[in-house]
Amino acid sequence: MSWRQIRPVMMPVFGLLVAIVFLSPYLVMLLDSLRPGSEALASPPTFLPHHWQLDAYGEILGDSRFQNWLKTSVLVAFASTAIVIVVAIPAAYFTARFKFPGKTAFLFLVLVTQMFAPTSLVVGIYREFFELSMVNTYGALILTNSAFNLAFAVWIMHGFFAALPRELEEAAELDGNGRVGTMMRVMLPLTLPGVVTATIFTFIAVWNEYVVALTLMQDDAKKPLTVGINSYVTGYEQNWDQLFAASIVAIIPVVILFAVIEKHLVGGLTAGSVK
């Protein structure tokens, strides 16, 4: 039997196995959130819970600490993403459609900023915000996350703007549109897949950020979910069921966002690869 004959069967099977590998940690996390905390530490461990319960979800949703952490994550993620997209769109449009002295150096500098890990910069970031009296503020976290993700968004949308024919701009100018009007009314709708791609990746990066939040946010009520949920398992208390339940709830907004804009995201990734 040739590969061409078995390929229609093997490819779906292979894809299913890959999906199982990547989804298995989430399945284990879900099952552990549905068992009592003491059972999570049982030896030998069991795959399925002996006692199924939803108490952990009720406890975290009624926990004022968890509510504050969720509020912080939502606020920081949406605010940072909005700032990144608002700044990246004109920056990407200008660098893609106009020639100016130092353009290549500027684009190279934007790319270089992606090479620095937040961990290597966290001491300097803390010192700067300490001097500005912004430690433990939402503004510090929003500005830092915006700065870390801006370069990536500019690079994504730069490719989309650069691929559009100049005749579109010329036609828009003949219709009486200025630079801003051309960008907003003509160019931006055509690069919507790129904007959506930049949006989803920025949102996920901000939502999952840990190191900077751990350093800057010292008030327990202002911590985001990535930092706050660690409080459920400490040297003094070990609520594993609540930790896993909180982790499941934390991934729901990202899953919903993916489901809503999946078509635009796939279109943006494939279009970007072709361009």
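Shown above is the structure to which this text applies.
Note that the coordinates shown come from a computational prediction; the quantities given were computed from them, not determined experimentally.

Thresholds applied
Residues numbered from 1 in each chain as written. Predicted model: local features only at pLDDT ≥ 70, side-chain atom pairs only at ≥ 80, totals over all residues. Heavy atoms only, no water. Core = buried A, V, L, I, M, F, W, Y, C linked by side-chain atoms within 4.5 Å. Buried < 20%, exposed > 50% of the residue type's maximum accessible area, 1.4 Å probe, protein only. Helix = DSSP H or I, 4+ residues; strand = E, 2+ residues; numbered from the N terminus. Contact = heavy atoms within 4.5 Å. Patch = residues over 30% accessible without salt bridge, like charges linked within 9 Å, V, L, I, M, F, W, Y side chains within 5 Å. Areas by Shrake-Rupley, 256 points an atom, 1.4 Å probe, with all protein chains shown as cover. Salt bridge = Lys/Arg side-chain N within 4 Å of Asp/Glu carboxyl O. Polar contact = N/O pair within 3.5 Å; in protein donor to acceptor, adjacent residues only side chain to side chain. Expected span 1.5 Å × (residues − 1).

1. A few points about the nonpolar core
Part 1 of the reasoning: Of all hydrophobic cores here, the largest spans 38 residues; its most connected members are Ile 60, Phe 66, Leu 141, Leu 216, Leu 225, Ile 229 and Tyr 232.
Part 2 of the reasoning: Breaking this core down by element, the ones donating at least two residues are α3 (55-61), α4 (64-97), α6 (118-131), α7 (138-163), α10 (192-208), α11 (211-216), α12 (225-228) and α13 (240-274).
Part 3 of the reasoning: No other element matches the nine residues that α13 contributes to this core.
Part 4 of the reasoning: Beyond its immediate stretch of four places on either side in the chain, Leu 225 contacts Phe 66, Trp 69, Leu 70, Ser 73, Trp 207 and Ala 250.
Part 5 of the reasoning: Counting residues in hydrophobic clusters, the runner-up holds 20 residues, among them Val 84, Val 154, Met 157 and Met 183.

2. Let's talk about the environment of Asp 241
Part 1 of the reasoning: Residue position: Asp 241 is located in helix α13.
Part 2 of the reasoning: Sequence-wise, Asp 241 and Trp 207 are 34 residues apart; in three dimensions their C-alpha atoms are separated by 22 Å.

3. Concerning the side chain of Asn 136
Part 1 of the reasoning: Here Asn 136 shows up in the loop between α6 and α7.
Part 2 of the reasoning: What Asn 136 contacts, discounting residues up to four positions off in sequence, is Leu 216, Met 217, Gln 218, Asp 219 and Lys 222.

4. Details of a nonpolar patch on the surface
Part 1 of the reasoning: The grouping of Leu 27, Val 28, Leu 30, Phe 47, Leu 48 and Trp 52 at the surface amounts to a nonpolar patch, some 580 Å² of accessible area in total.
Part 2 of the reasoning: The topology assignment puts Phe 47 in the loop between α2 (37-40) and α3.
Part 3 of the reasoning: Residue class for Phe 47 comes out exposed when judged on its relative accessible area of 51%.

5. What about the side chain of Arg 97?
Part 1 of the reasoning: Assignment of secondary structure puts Arg 97 in helix α4.
Part 2 of the reasoning: Note on Arg 97: relative accessible area 4%, which makes it buried.
Part 3 of the reasoning: Looking at Arg 97, its side chain comes within polar contact range of the main-chain oxygen of Phe 161, at 2.5 Å.
Part 4 of the reasoning: Beyond its immediate chain neighbours, meaning those up to four positions away, Arg 97 contacts Phe 161, Ala 162, Leu 164, Pro 165, Arg 166, Glu 169 and Met 187.

6. Describing helix α9 (residues 179-190)
Part 1 of the reasoning: Its twelve residues give α9 an end-to-end C-alpha distance of 16 Å, which sits within 8% of 16 Å, the value for a rise of 1.5 Å per residue.
Part 2 of the reasoning: Where α9 is concerned, the buried positions are Gly 181, Thr 182, Met 183, Met 187 and Leu 188.
Part 3 of the reasoning: On its buried face, α9 sits against α4, α7, α8 (166-174) and α10.

Note that every value here comes from positions in space, so none of it alone points to a role or purpose.
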